[in-house]
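# Observations on the three-dimensional arrangement
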Amino acid sequence: MSSPPLLPLRVVAAAALLALPCHVSQAQPAAAPRAATAPAPVLVSPEVHADGRVTFRFRAPTAGDVAVGRSGADRLPMVKDEEGVWSATTGALEPDIYQYTFSVDGRTTLDPLNTWVAPNLLNMSNMVRVPGPSSGDGHRPWDVADVPRGQLHRHFYASARVGDHRDYYVYTPPGYDARRTEAYPVLYLLHGFSDDASGWTAVGQAHVILDNLIAARRVTPMLVVMTLGYGAPEILTRGPRAPGLGQRNMEGYRDALFAEVIPAIERDYHADTRRERRAIAGLSMGGAESLFVGLNAIDRFGWIGAFSSGGLGDATQFATLFPSLTSAEGRRLRLLWIACGTEDRLIDANRQFRAFLTERGVPHEAIETAGAHTWTVWRRNLATFATLIFR
């Protein structure tokens with residue numbers, strides 16, 4: 001039987017194509033272009049206005065109550081807009097550096113839009129600067145100016161006296177010369193409770209204050225040593241303290257200062273070792289430590305400063321804390337300078353201590369200025385005290 005004739009390949013392919021189902025496509029209308037979405041406005045907080053007002057902002061759409069907590073000032077309520085952003089604006093503020101936090105439904109938090117944070121071992125806060133004039137009579141000594149700058153040196157060591165590893169900072173003045181004939185006087189400058197060793201520079205701007213006042217020839221060029229002020233580190237707690245812990249803290253600090261820090265400073269720096277060229281001063285807890293250490297070692301210090309001192313106890317304890325303090329001993333001091341803000345919760349305690357000094361016949365300068373328990377007071381205290389010492 002003969003085979004059917006083979007069809008050309010073109011014919012087979014064409015037949016196959018004709019057998020496929022036919023679909024008619026219809027052109028779809030072009031999609032309407034989407035409307036451009038406006039970018040969300042960039043939040044700025046804090047915003048410092050030219051007239052000294054400051055606006056704070058915080059995004060918290062679900063919060064029911066947000067406020068600004070300000071150091072030494074009243075709580076500032078904030079108002080929420082339709083985007084869930086809370087804001088508040090202060091009145092005009094004096095040029096200075098201010099600390100603040102946010103309270104969100106009763107919980108304290110930092111401003112996430114502000115990277116300038118005050119270091120603290122228990123209560124951190126943000127900082128904002130309201131600038132003043134860059135020169136002239138209105139210039140604040142804690143504002144950086146175009147003057148020669150000193151240097152900050154950070155030292156770490158293991159404290160055998162306290163039993164921990166700790167640090168201290170040393171400010172050397174502009175043009176510090178370790179080979180010059182005359183050694184430099186030394187100010188030991190103490191921070192307050194819950195601060196760390198960087199408190200006087202990071203928040204207090206002590207190095208800037210010294211730079212500016214030295215440039216203005218209002219301050220004798222000096223070394224400034226800023227130590228960690230805890231002789232009993234367990235005192236760092238928000239809870240109740242064991243009986244006698246405050247006393248142990250001051251005694252431990254004194255021991256570490258005398259046995260470890262002062263010898264290191266006089267070994268590593270061109271530091272004058274005479275008592276007439278050595279001063280001690282501090283704020284709050286550091287003010288109490290300065291009084292406790294300095295007034296019980298007048299053979300070591302010629303100048304003592306206490307800013308808003310807190311921690312000496314009540315008036316019944318003063319005689320026990322200062323058993324050898326007599327009028328004759330007190331008169332060996334070149335200066336005993338005791339300052340406190342009139343709105344400070346410690347003003348009564350400071351007045352009581354000044355009354356104790358008067359009763360003992362110990363000469364001292366009593367300074368009361370406007371202000372609360374804040375760095376805005378202590379920067380001014382340092383700026384004044386530094387002009388009085390080593391003269």
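This report concerns the structure included in the present document.

Cut-offs and rules
Residues numbered from 1 in each chain as written. Predicted model: local features only at pLDDT ≥ 70, side-chain atom pairs only at ≥ 80, totals over all residues. Heavy atoms only, no water. Phe/Tyr/Trp six-rings, centres within 6.5 Å; stacked < 30°, edge-to-face > 60°. Helix = DSSP H or I, 4+ residues; strand = E, 2+ residues; numbered from the N terminus. Buried < 20%, exposed > 50% of the residue type's maximum accessible area, 1.4 Å probe, protein only. Pairing = 2+ DSSP bridges. Axes fitted to C-alpha atoms, helices over the stretch in contact; angles between N-to-C directions. Parallel < 35°, antiparallel > 145°, perpendicular 65-115°, else oblique. Left-handed = near helix turned anticlockwise from the far one by under 90°. Contact = heavy atoms within 4.5 Å. Nonpolar A, V, L, I, M, F, W, Y, C, P; charged D, E, K, R; others polar. 1 Å grid on protein atoms, 1.4 Å probe; cavity = no way out; pocket = protein on both sides within 12 Å on 5 of 7 lines; lining within 4 Å. Points joined across faces, edges and corners; volume = space filled by probe spheres on them.

Considering all chains together, one arrives at 19 aromatic pairs under this definition. Centre to centre, the rings of Phe 56 and Tyr 100 are 4.6 Å apart; their planes meet at 55°, and the pair counts as tilted. Taken together, the residues span a long stretch of sequence, with Phe 56 in strand β2 (residues 54-59) and Tyr 100 in strand β7 (residues 96-104) at a distance of 44 residues. Here Phe 56 matches Tyr 100 in class, with each residue buried. Note on Phe 353 and Phe 356: the rings are 5.8 Å apart at their centroids and 35° apart in plane angle, and the pair reads as tilted. On the criterion of helical spacing, the pair formed by Phe 353 and Phe 356 is a turn pair, its members being 3 residues apart in helix α8 (residues 347-360). With relative accessibility at 8%, the residue Phe 356 sits in the buried group. Grouping aromatic residues by their ring pairs yields a cluster made of Trp 200, Phe 307, Trp 337, Trp 375, Trp 378 and Phe 385.

Strand order in the open sheet formed by 8 strands is β11-β12-β14-β13-β15-β16-β17-β18, and the pairing between neighbours is mixed. Of all the strands in the sheet, just β11 (151-159) and β18 (365-369) have a single pairing partner and so form its edges. In this sheet, adjacent strand axes meet at a mean angle of 15° when their direction is disregarded. In the sheet, strand β13 (residues 186-190) pairs with strand β14 (residues 223-227) via 4 bridges, with the strands oriented parallel. In the strand pairing of β14, Tyr 188 is matched with Val 225.

This next bit is on helix α3 (residues 206-215). The α-helix winds at 3.6 residues per turn, so residues separated by three or four positions along the chain end up facing the same way. Burial analysis of α3 places 9 of its 10 residues in the buried class, the great majority of the element. Buried residues of α3: Ala 206, His 207, Val 208, Ile 209, Leu 210, Asp 211, Asn 212, Leu 213 and Ile 214, and no others. Arg 217 sits one or two positions beyond α3 and adopts a positive phi of about 60°.

Another aspect to go through is the sheet that holds strand β1 (residues 47-48). Pairing between the strands of a sheet is mediated by backbone hydrogen bonds and can be parallel or antiparallel. Sheet architecture is open: 4 strands sit in the order β1-β2-β6-β5, paired in antiparallel fashion. Only two strands of the sheet have a single partner each, and these edge strands are β1 and β5 (79-80). Sheet topology note: the β1/β2 ladder contains 2 bridges and is antiparallel. Note that in β2 the partner of Glu 47 across the bridge is Thr 55.

Orientation of helix α4 (residues 245-268) relative to helix α5 (residues 285-295), taken along the N-to-C sense of each, is 65°, at an axis distance of 10 Å. The orientation of α4 relative to α5 falls into the category roughly perpendicular. Note on packing geometry: the crossing formed by α4 with α5 is right-handed. Facing α4, whose interface residues are Gln 247, Asn 249, Met 250, Glu 251, Tyr 253, Arg 254, Leu 257 and Phe 258, α5 presents Met 285, Ala 288, Glu 289, Phe 292 and Val 293. Partitioning the contact of α4 with α5 into residue classes produces 8 nonpolar, 2 polar and 3 charged.

With the rule as written, the count across this model stands at 1 cavity of 30 Å³ or more. Its volume calculated, the largest cavity comes out at about 50 Å³. Forming the walls of the largest cavity are Tyr 157, Arg 166, Asp 167, Tyr 168, Thr 227, Leu 228, Tyr 253, Ala 256, Leu 257 and Val 261. When residues of the lining of the largest cavity are traced back to their parent elements, those giving at least two are β12 (164-172) and α4. If you tally residues by element for the lining of the largest cavity, the top one is α4, at 4 residues. Of the residues belonging to the lining of the largest cavity, the class tally is 7 nonpolar, 1 polar and 2 charged.

Now for the layout of surface pockets. To find the voids left in a structure, one rolls a probe of water-molecule size over its atoms. Taken as a whole, the largest pocket holds about 950 Å³ of empty space. If you trace the largest pocket, you find 42 residues lining it, with Phe 193, Ser 194, Ser 284, Arg 345 and His 373 closest to the centre. Breaking the lining of the largest pocket down by element, the ones donating at least two residues are β3 (66-70), β7, α4, α5, α6 (318-321) and α9 (375-388). With 4 residues, α4 is the largest single contributor of residues to the lining of the largest pocket. Considered class by class, the residues forming the lining of the largest pocket number 17 nonpolar, 20 polar and 5 charged. Its boundaries defined by the atoms lining it, the second largest pocket holds a volume of some 320 Å³. If you trace the second largest pocket, you find 23 residues lining it, with Ser 71, Gly 72, Ala 73, Tyr 98 and Thr 376 closest to the centre. Of all the secondary-structure elements, those providing two or more residues to the lining of the second largest pocket are β2, β7 and α9. In terms of residues, the lining of the second largest pocket owes the most to one element, β7, which gives 5 residues.

Take it as geometry only, folks, not as evidence of what the structure does.
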